[in-house]
Each structure stands twice: as structure tokens, then as C-alpha cells.
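As a plain string of letters, each chain reads:
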Amino acid sequence: MAGAGKGDLSLVALTKTFATFTAVHPLDLTIEQGSFFALLGPSGCGKTTTLRMIAGLEEPTAGRITIGDEDITDTKAYQRNVNTVFQSYALFPHMSVIDNVMFGLKRRGDKNAKAKAHEILELVQLDQVATKRPTQLSGGMQQRVALARALVNRPDVLLLDEPLGALDLKLRRQMQIELKRIQQEVGLTFIHVTHDQEEAMTMADRIAVMNAGRLEQLGDPATLYEQPHSTFVANFLGQSNLLRAQVGAGASDGIVTVRAHGADLEVSREHLPDGASEVWLGVRPEKLRLGESGGPNRLHGLVRDVSFTGVATQYIVEMPWGQELTVVQQNDGSARPNLGENVTVSWAAQHGFALDASQDAEAGAELEDDRG
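Residues numbered from 1 in each chain as written. Predicted model: local features only at pLDDT ≥ 70, side-chain atom pairs only at ≥ 80, totals over all residues. Heavy atoms only, no water.

Asks: What's the story with the overall build of the protein chain in this structure? I'm lost.
Replies: What the protein chain contains, in helices and strands, is nine helices and 20 strands. With respect to the principal axes defined by its C-alpha atoms, the protein chain has extents near 75 × 45 × 40 Å. Looking at the protein chain alone, contacts between residues at least 24 apart form 68% of all its contacts between residues at least 6 apart. Accessible surface for the protein chain amounts to roughly 17200 Å². Of this, 47% is attributable to carbon and sulfur atoms. Computing the positive centroid from 35 side-chain charges and the negative centroid from 47, the protein chain places the two 9 Å apart. (Helix = DSSP H or I, 4+ residues; strand = E, 2+ residues; numbered from the N terminus. Contact = heavy atoms within 4.5 Å. Areas by Shrake-Rupley, 256 points an atom, 1.4 Å probe, with all protein chains shown as cover. Lys, Arg positive; Asp, Glu negative; His and termini not counted. Charge placed at Lys NZ, Arg CZ, Asp CG, Glu CD.)

The following block contains the structure:
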């Protein structure tokens, strides 16, 4: 059931300016045909405005939108082969599930509307409730009906606007898996707008992180997480421990020595920004080890907090200069340090990253509660 599609979706210098502010600064982005792509960022970052411009619901101030060789910048929304699934479902409550799904096909006079609707309901595993009304279904099932109604039209691009935001956590995680499965089966281009970093990383092949109307970084989930280009990305995509450090002279075997709070620490040369003399040395909490076995980088501190979370335990370790590091250790049966215990925190050089110290160390961190 893979979709043919017309080609990649391209945004060329796409811009949206309102009376008092610019919601989207000139944005250049190519979204590969058949991919699952996420626009990720906090509220007000421009991701929804970008989605609305692609859908034809918002007129760009400048720039172009193309699908393959077709320029759709000035095409009316209803004339674009682009469908949107909203958080609110927007189903017709007085119609059955099957009638909801084939509504658009019937309006276009498609004689195979019913067969196509049943086929897509089978794909989303809801054909057994075809005769029921949306109000008789759970939130997750209603979301799948809305998805089926959008997919049955075989759009070149399917836009998902915070589609799982109304679902509870367990159902959201189930739907993340389902959405990815469905996208892989139909082979259509999915563009998913979300402020939930875990949701984006779970589903998307590639992610565009947006901040204040600009593209902060583009890449696959692992690269964005392991090698952030800015403190905003480092903090918004999970947690980061950032240590201010001075870059030493020279490198050996691809390793550079940096000095942080009186300690000589190592970082891979490839993770160091060019020309930087002062950096934020970053390391993710789960990359840190309590004890001497984690690598050449060692710091000593005092355990200030211990939080058992089931699969792992989170430790807050206070450094001699007052900074607190977050350490996450898997609960694998090994001995766990206690509150008030002196510990060594260590990590491997390749597990760290370095960012220019001119950036705000707190950028993105204060938006943690807004991630959903």
C-alpha cells in the first residue's frame, strides 16, 4: 500500500511575519518523500505556523513551498493534495465511522469510496467498529479514525498537528508505535508537529528543532541527542550537565584536553567547535558513572539526592564549586551509593560534547515543563 507521491517537500526561504513579530524567519528545509519528519520546539517557536503554511491555512510573507516539481505556494488549501490530522479529531459525531472515513471520497464522486474506506480502516485496525459512531469509541480509536479519514485520500503529505496531545501517557505511547507502523506501511510523507521531545525522537526519521522562529538544528534523533550544536538543543532534548572549561593546546589521537574547575578532562576533537577557546563541556546523565570505571574523566562530589525510578536511579551530586550534576544509573543489581556519600563521577571522552561558551547554559532548560 506504499504511496507513490510526487517528490520531496521543499521550503525555500519560507517566512511569516505578523504585524508585531516574525513567527518564522527565512526557513530552508527539504523533507524527503516517504519519511516521517518532526517539527519540534516549545510553544511559540514557529512550528505550527510552518505547518499551517504547508497546509495552505496561512499565507507566507515570503518564500516558496514545493512538492516535487510542483510549486504550491499560492495554491488554495482545498486544492493541495495535503491533509491534516488535528488534536481535536474533528469527526462528524452523527455519522458512523465508515461514513466519516469515506466522506471526502463521496464528495468527489469516488465510486470505490466504501471499499477504500474499509481498506484504510483495516490498516488502522478499526474495521470492526465501522458501523459505530465516534462518540462510542475511546480517544485513541477516534484519533485513528481521524487518521484513516486523512489517509484514505492518499495525500502527498500528511500533516499531524500535536495529534496525541489529548491522550493519556500510556495511550500516547501506544499510538506513537501505531503511527510509525502505519507510516511505514503506507509510505507517505508524515510531518509531525510536537513540543514533546520524547514523542519526536520515538517516531521521526529526522527532526527539525525550532526555536524563536528559526531552525536550531536538523538531524536524526541520535545525532541531535549525542551531538547537539547548541545549548538550546542540548537542554531541550533531554537533560545535559554543562561544565565551563578552557580548551588546552594540541590534541593526541583525536582527544583534546580541557580544564574545568581545576580538573583536566578529555573530549573527542570531532565534538569540539572550531576555534573555541572556552566551551561548555556537556555530558548526558546516563553517560556518567559513579566510580572509577567510566573513563579518563573524573570528578569528585557529594551525593545530595537519590531518586529511585524503577529501571534506574537518579543521583544529584554536588561538586566542590557548588554545581550539581545529574547522574542516572541503571538498576542492574550493583551497589548504590547513599545520600551524603562522597563519590567519584567519571565518563568516557567520546561520551562528551563541547559547545561554544558564549551561549547561555540555561537555554532550553527552562522550557522543560512545556514539553508535554
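Anyway, onward from the coordinates.
Asks: Sorry, what's going on with the packing of helix H5 (residues 139-151) against helix H6 (residues 169-186) here?
Replies: Packed helices, taken two at a time, are described by the angle between their axes plus the distance between the axes. Closest axis-to-axis distance for the H5/H6 pair is 11 Å, and the angle between their directions is 20°. In terms of orientation, H5 lies roughly parallel with respect to H6. At the point where H5 passes H6, the crossing takes the right-handed sense. Within the contact between the two elements, H5 uses Gly140, Gln143, Arg144, Leu147 and Leu151 and H6 uses Leu171, Met175, Glu178, Leu179, Ile182 and Val186. Among the residues forming the contact of H5 with H6, the class breakdown is seven nonpolar, two polar and two charged. (Axes fitted to C-alpha atoms, helices over the stretch in contact; angles between N-to-C directions. Parallel < 35°, antiparallel > 145°, perpendicular 65-115°, else oblique. Left-handed = near helix turned anticlockwise from the far one by under 90°. Nonpolar A, V, L, I, M, F, W, Y, C, P; charged D, E, K, R; others polar.)

Asks: Explain the pattern of salt bridges here, please?
Replies: Where charged atoms from two side chains of opposite charge approach closely, those side chains can pair. Following the criterion strictly, the structure yields 17 salt bridges and no others. With a shortest N-O distance of 3.9 Å, Asp71 and Arg64 are connected by a salt bridge. With a closest N to O distance of 2.9 Å, Glu178 and Arg181 form a salt bridge. Of this pair, Glu178 and Arg181 both sit in helix H6, three residues apart, which is roughly one turn of the helix. The buried category is assigned to Glu178, whose relative accessible area is 16%. Put simply, Lys6, Glu70 and Asp156 are held in one network by salt bridges that share partners. (Salt bridge = Lys/Arg side-chain N within 4 Å of Asp/Glu carboxyl O. Buried < 20%, exposed > 50% of the residue type's maximum accessible area, 1.4 Å probe, protein only.)

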